[in-house]
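Inside the fold
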Amino acid sequence: MVCKYNDNHHHHPLANKVHEEAHGHSHDHSATKDKKLLKISFVITFVVMIVEIVGGIYVNSLALISDAIHMFTHAFALGLSLFALVISTKVIDEEKSFGYFRAEVLAAFINGLTIALSVAWIVYEAIMRLLHPEEILASATIIIATLGLVVNVITGLILLRANHENINIKAAFLHMMADTISSAAIIVGAVVIYYTQFYILDTILALLVALVIAKWAKSLLMDSVHILLEGSPYNIEEIRGAILEEFEYIADVHDIHCWEISHNYYYLTCHVVLEAKEQGLYSDTIVNVGRFLEQKFLIAHATIQIEYAK
């Protein structure tokens, strides 16, 4: 039974230092590098996107149009990711006490939605073309799709140097991967169509590309929604058990809340229950539990409230 509460919330000093040094300086350095890589990728992708959209319409290939649409969402994703990185590095102020790091997660969520919408459009057009097959210009499709493939490979090599633990960068990279697969599939399909005139293969490939894209979109949306809904990056019972195992004198831990501001940037609040005879360990418990959480779970900011059991 809890009979005494202390209403003052304490912040672990080591966690504050970790937040400022590890997350602050390393995040700024990483963000600067990522912004440069995203800018290069965006310019390359945007130019080829225009070529693929115009070319896809010209050759009347649904598979190529689907690749062009996804190239558009890729360019949009890169631009949005770049914008989010710029916003996320703004200085923390009184109005935004958690900073602007969530802008990256929000961008990833929007990217996921754009992918899902593009999949819906591709499926609709594919159904229409299955009902009413149309001829395509296979030779031109091969040339345009090859250009798209080359650009995707170049963009992929550039983004491989970025920080993939960042969900925002991960979103941009997933766009690129989907583009690469779809371009390769379109080239193979166009070659087959060129020699066989099996035009329905173009529609089948478009559907297969849509399925792959949909799978990645689902994963991206689930990850970003989990963070936006303040989902815990860890199992709460795992955290509770680890604290009790590490500190035998702690009677109980409850009201644990853990959430993720951005990649590897975790916050936690909890109530730690001590026996009345352990009042002398009040300050040490706050410091030591905070240090333990930072070292074991990378939780750089812990607010620990001490209570005493009857």
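As a convention, each chain's residues are numbered from 1 in the sequence order in which they are written. Per-residue local features are limited, in this predicted model, to residues with pLDDT of at least 70; the limit for side-chain atom pairs, both in listing and counting, is 80 or more; totals at the level of whole chains, interfaces and linings are taken over all residues. Hydrogens and waters are ignored; side-chain quantities use all the structure's heavy atoms.

**Things to note about the packing of aromatic side chains**
Rule in force here: Only Phe, Tyr and Trp rings are paired, with Trp represented by its six-membered ring, and only when their centres lie within 6.5 Å; those with planes under 30 degrees apart are stacked, over 60 edge-to-face, the remainder tilted. The cut-offs for exposure are 20% and 50% of the maximum accessible area for each residue type, with area from a 1.4 Å probe on protein chains only; residues under the lower value are buried, those over the upper are exposed, and the others partly exposed. Should the NZ of a Lys or the CZ of an Arg lie within 6 Å of a ring centre and within 35 degrees of the ring normal, that charge is described as sitting over the ring.
Scanning all chains against the criterion turns up 8 aromatic pairs. With a centroid separation of 6.3 Å and an interplanar angle of 80 degrees, the aromatic rings of Phe247 and Tyr249 are classed as edge-to-face. Judged by its relative accessible area of 10%, Phe247 falls in the buried class. Its relative accessible area of 24% is what places Tyr249 among the partly exposed residues. Where Tyr265 meets Tyr267, the ring centres are 5.6 Å apart and the plane angle is 55 degrees; that geometry is what we call tilted. Owing to a relative accessible area of 9%, Tyr267 belongs among the buried residues under this scheme. Counting every residue linked through ring pairs, the aromatic cluster contains Tyr234, Tyr266 and Phe297. Stacked on the ring of Phe297, the Lys or Arg Lys296 has its end atom at 5.7 Å from the ring centre.

**Here we look at the environment of Lys90**
Let me state the cut-off plainly: Strands are runs of DSSP state E lasting at least two residues, helices are runs of H or I lasting at least four, and both sets are numbered from the N terminus onward.
Note that Lys90 resides in the loop between α2 (62-88) and α3 (102-131). Between the alpha carbons of Lys90 and Tyr100 there is a distance of 6.5 Å; along the sequence they are 10 residues apart.

**A closer look at helix α7 (residues 236-246)**
To be explicit about the condition: The directions considered for the arc run from the helix axis to the C-beta atoms. Residues are treated as being in contact if the distance between any of their heavy atoms lies within 4.5 Å.
The complete set of buried residues in α7 reads Ile239, Ala242 and Ile243. Buried residues of α7, viewed axially, fall in a sector of 95 degrees; they line one side. What points out from α7, more than 90 degrees from its buried face, is the exposed set Glu237 and Glu245. On its buried side, α7 packs onto β3 (250-262), β4 (265-275) and α8 (282-297).

**Observations concerning the packing of α3 against helix α6 (residues 200-228)**
Stated formally: For helices, the fitted axis covers only the stretch in contact; all axes are lines through C-alpha atoms, and the angles between them, taken along N-to-C directions, range from 0 to 180 degrees. Each angle gets one of four labels, with under 35 degrees taken as roughly parallel, over 145 as roughly antiparallel, 65 to 115 as roughly perpendicular, and the rest as oblique. By convention the crossing between two helices is left-handed if the near helix lies anticlockwise of the far one by an angle smaller than a right angle, and right-handed if it lies clockwise. Only Asp, Glu, Lys and Arg are considered charged in this grouping, and only Ala, Val, Leu, Ile, Met, Phe, Trp, Tyr, Cys and Pro are considered nonpolar; every other residue, Gly among them, is considered polar.
As a packed pair, α3 and α6 sit with axes 8 Å apart at the nearest point and diverge in direction by 155 degrees. For the element pair α3 / α6, the angle class is roughly antiparallel. Of the two possible hands of crossing, α3 and α6 adopt the one that is left-handed. Grouping the constituent residues of the contact of α3 with α6 by class yields 23 nonpolar, 4 polar and 3 charged.

**Some details on a nonpolar patch on the surface**
Stated formally: Patch membership needs two things, relative accessible area over 30% and no salt bridge, and members are linked within 9 Å if like-charged or within 5 Å if nonpolar (Val, Leu, Ile, Met, Phe, Trp, Tyr). What sets the accessible areas is the Shrake-Rupley method with a 1.4 Å probe; for residues, cover comes only from the shown protein chains. The term salt bridge refers to a pairing of a side-chain nitrogen on Lys or Arg with a carboxyl oxygen on Asp or Glu at a separation within 4 Å.
A cluster of nonpolar side chains, Ile53, Ile57, Phe72, Phe76, Leu106, Ile110 and Leu228, forms an exposed patch at the surface whose accessible area comes to about 580 Å². Secondary structure elements with two or more residues in the nonpolar patch: α1 (13-59), α2 and α3. Relative to the helices and strands, Ile110 is located in helix α3.

**What to know about empty space enclosed by the protein**
Inclusion rule: In this analysis a 1.4 Å probe is tested at points of a 1 Å grid over the protein atoms alone, and where it fits but cannot get out there is a cavity; an open set with protein on both sides within 12 Å along at least five of seven lines is a pocket; lining residues have an atom within 4 Å of a point. Grid points are joined across faces, edges and corners, and a volume is the space filled by probe spheres set on the points.
By the definition in use, this model includes 2 cavities of 30 Å³ or more. Computed from the structure, the largest cavity encloses a volume of approximately 50 Å³. Considering the residues around the largest cavity, the lining is formed by Arg129, Pro133, Glu134, Ile136, Tyr199, Ile200, Asp202 and Thr203. Class assignment for the residues of the lining of the largest cavity results in 4 nonpolar, 1 polar and 3 charged. In this structure, the second largest cavity occupies an estimated 30 Å³ of space. Contributing to the lining of the second largest cavity are Ser61, Ala63, Ile136, Thr141, Ile186, Gly189, Ala190, Ile193, Asp202 and Leu205. Put simply, the parts of the chain that give the lining of the second largest cavity at least two residues each are α5 (167-196) and α6. Looking at the lining of the second largest cavity, the element that brings in the most residues is α5, giving 4 residues. A breakdown of the residues in the lining of the second largest cavity according to their chemical character gives 6 nonpolar, 3 polar and 1 charged.

**As for the confidence of the model for the chain**
Regions with low pLDDT carry predicted coordinates that are not meant to be interpreted in detail. Put simply, the rule reads: Confidence scores here are pLDDT values: one per residue, from the predictor, ranging 0 to 100.
Chain-level pLDDT for the chain is 78 on average; 82% of the residues reach the 70-or-more range. Ranking the helices and strands of the chain by mean pLDDT puts α7 first, with 95, and strand β1 (residues 2-5) last, with 37. Long-range and interchain partners of residues 1-27, a stretch whose pLDDT sits below 50, account for 63 contacts in this model, where long-range means more than four residues apart.

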